[in-house]
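A structural walkthrough
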Amino acid sequence: MALLKADSLKLGYENQVIINNLSFEVNTGDYLCIVGENGSGKSTLMKTLLGLQKPYEGQIEFGDGLTKKEIGYLPQQTLVQRDFPASVREIVLSGCQAKCGLRPFYNKAEKQLAAENMEKMGITNLANRCYRELSGGQQQRVLLARALCATGKLLLLDEPVAGLDPKVTAEMYSLIHDLNKENITIIMVSHDIGAALKYSSHILHIGEKIFFGTRKEYKESELGREFLGEEDGSNDR
């Protein structure tokens, strides 16, 4: 069974339908990039996958023992979030909250998991620093470490490189790619079609027209060629 399967979704907000008849599935180890025009419903889809809002129609099924509590999520940051007055260690540890249940403290295993994920993201030396004092790239590494504390299976990333300079953007994409190679499934909303075609295994294009398939199939599709501004599809590299 697929790790996540969406069947005939109708999505929207304030009684306005923005996505209709959307079906796709994600298997363990996939790297799915969600692309499309502004306002096409990419963030609405992410909220629906997280269970933050319900679809008007259709259903989402999880497989391989995955539950909503085991999904790691890296949202788009707001100015308020960037100014959050907590230490890096505290923010990373907060990714373990779902594991705590009613327990009001973090246990040894959760603290060890946070330490491992900080090391994986290269931010161990920042553990005691105040989050709001960090650069944008450092903050994104902190939030990615936090998301990893929630999951060993699936990461949902909403524009994870927004506002970052080219060097830091490349570093962030490399980190995400390495996580995917460790068999963590990635679902990422991105406006960076070049990166989507470089790193993803599959593309979901939403808007007036919908496409779901491999990146090679997308590059060869009519919708893909239209969105990429190409007359002919190119071979997958």
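Below or above, wherever it landed, is the structure these notes cover. The shown structure was predicted, so the numbers you read here are calculated from the model rather than taken from an experiment. (Residues numbered from 1 in each chain as written. Predicted model: local features only at pLDDT ≥ 70, side-chain atom pairs only at ≥ 80, totals over all residues. Heavy atoms only, no water.)

1. Points about the overall build of the protein chain
Within the protein chain, the regular secondary structure consists of 10 helices and 9 strands. Here the protein chain has a C-alpha radius of gyration of 18 Å; the compact-globule value for 237 residues is 18 Å, and the two agree. Considered along the principal axes of its C-alpha atoms, the protein chain spans approximately 50 × 40 × 35 Å. Looking at the protein chain residue by residue over its 237 residues, the buried ones come to 46%. As presented, the protein chain carries roughly 12,200 Å² of accessible surface, and 48% of it is formed by carbon and sulfur atoms. Side-chain charges of the protein chain comprise 28 positive and 31 negative groups, with the mean position of each set lying 7 Å from the other. (Helix = DSSP H or I, 4+ residues; strand = E, 2+ residues; numbered from the N terminus. Rg over C-alpha atoms; globule rule 2.2 N^0.38 Å. Buried < 20%, exposed > 50% of the residue type's maximum accessible area, 1.4 Å probe, protein only. Areas by Shrake-Rupley, 256 points an atom, 1.4 Å probe, with all protein chains shown as cover. Lys, Arg positive; Asp, Glu negative; His and termini not counted. Charge placed at Lys NZ, Arg CZ, Asp CG, Glu CD.)

2. A short note on the sheet that holds strand β6 (residues 154–158)
The sheet built from 6 strands is open, its strands ordered β5-β6-β7-β3-β8-β9 with mixed pairing. Each edge of the sheet is formed by a strand with only one pairing partner; in this case those strands are β5 (71–74) and β9 (211–214). Averaged over all pairs of adjacent strands, the angle between their axes in this sheet comes to 15°, without regard to strand direction. Along the sheet, helix α1 (residues 42–49) makes contact with β3 (31–35), β5, β6, β7 (185–189) and β8 (202–205), crossing β6 at roughly 150°. (Pairing = 2+ DSSP bridges. Axes fitted to C-alpha atoms, helices over the stretch in contact; angles between N-to-C directions. Contact = heavy atoms within 4.5 Å.)

3. Structural notes on helix α5 (residues 108–120)
Relative to the 18 Å expected for 13 residues at 1.5 Å per residue, α5 spans 18 Å between its end C-alpha atoms, a close match to the ideal helical length. On its buried face, α5 sits against α3 (88–93), α4 (97–100) and α6 (136–150). G122 sits one or two residues past α5 and shows a positive phi near 70°. (Expected span 1.5 Å × (residues − 1).)

4. Details of the packing of α6 against helix α7 (residues 166–181)
α7 packs onto α6 with a crossing angle of 15° between their chain directions and a minimal axis gap of 10 Å. Classified by the angle between their axes, α6 and α7 sit roughly parallel to one another. Like other packed secondary-structure pairs, α6 and α7 cross with a definite hand, here right-handed. Touching G137, Q140, R141, L144 and L148 of α6 are V168, E171, M172, L175, I176 and L179, all from α7. Across the contact of α6 with α7, the residue classes break down as 7 nonpolar, 2 polar and 2 charged. (Parallel < 35°, antiparallel > 145°, perpendicular 65-115°, else oblique. Left-handed = near helix turned anticlockwise from the far one by under 90°. Nonpolar A, V, L, I, M, F, W, Y, C, P; charged D, E, K, R; others polar.)

5. With respect to the sheet that holds strand β1 (residues 4–13)
The 3 strands are arranged β2-β1-β4 in an open sheet whose pairing can be described as antiparallel. Of all strands in the sheet, those bounded by a partner on one side alone are β2 (16–26) and β4 (57–62). For this sheet, the mean inter-axis angle between neighbouring strands, taken without regard to orientation, is 25°. In the sheet, β1 pairs with β4 via 5 bridges, with the strands oriented antiparallel. Its bridge partner lying in β4, K5 is registered against E61. The sheet strands contacting α1 are β1, β2 and β4, and the helix crosses β1 at an angle near 125°.

6. As for unusual backbone geometry
Its identity as a non-glycine residue notwithstanding, S8 has a phi of 55°, on the positive side. Along the polypeptide, S8 turns up in strand β1. Here the phi dihedral of N183 falls at roughly 75°; this positive angle occurs in a residue that is not glycine. Within the secondary structure, N183 is located in the loop between α7 and β7.

7. Notes on the pairing of β6
Among the 5 residues of β6, 5 are classified as buried, and the element is accordingly described as predominantly covered. Both faces of β6 are covered, namely the face carrying L154, L156 and D158 and the face carrying L155 and L157. Bridge count between β5 and β6: 4 bridges; the pairing is parallel. Within β6, the position partnered with I71 by the bridge is L154. Summarising the sheet, β6 and β7 pair through 5 bridges and their orientation is parallel. Its bridge partner being in β7, L157 is matched across the sheet by M188. Tracing the backbone out of β6, into α7 and back to the parallel element β7 gives a crossover that is right-handed. (Right-handed = clockwise from strand over helix to strand, strands pointing away.)

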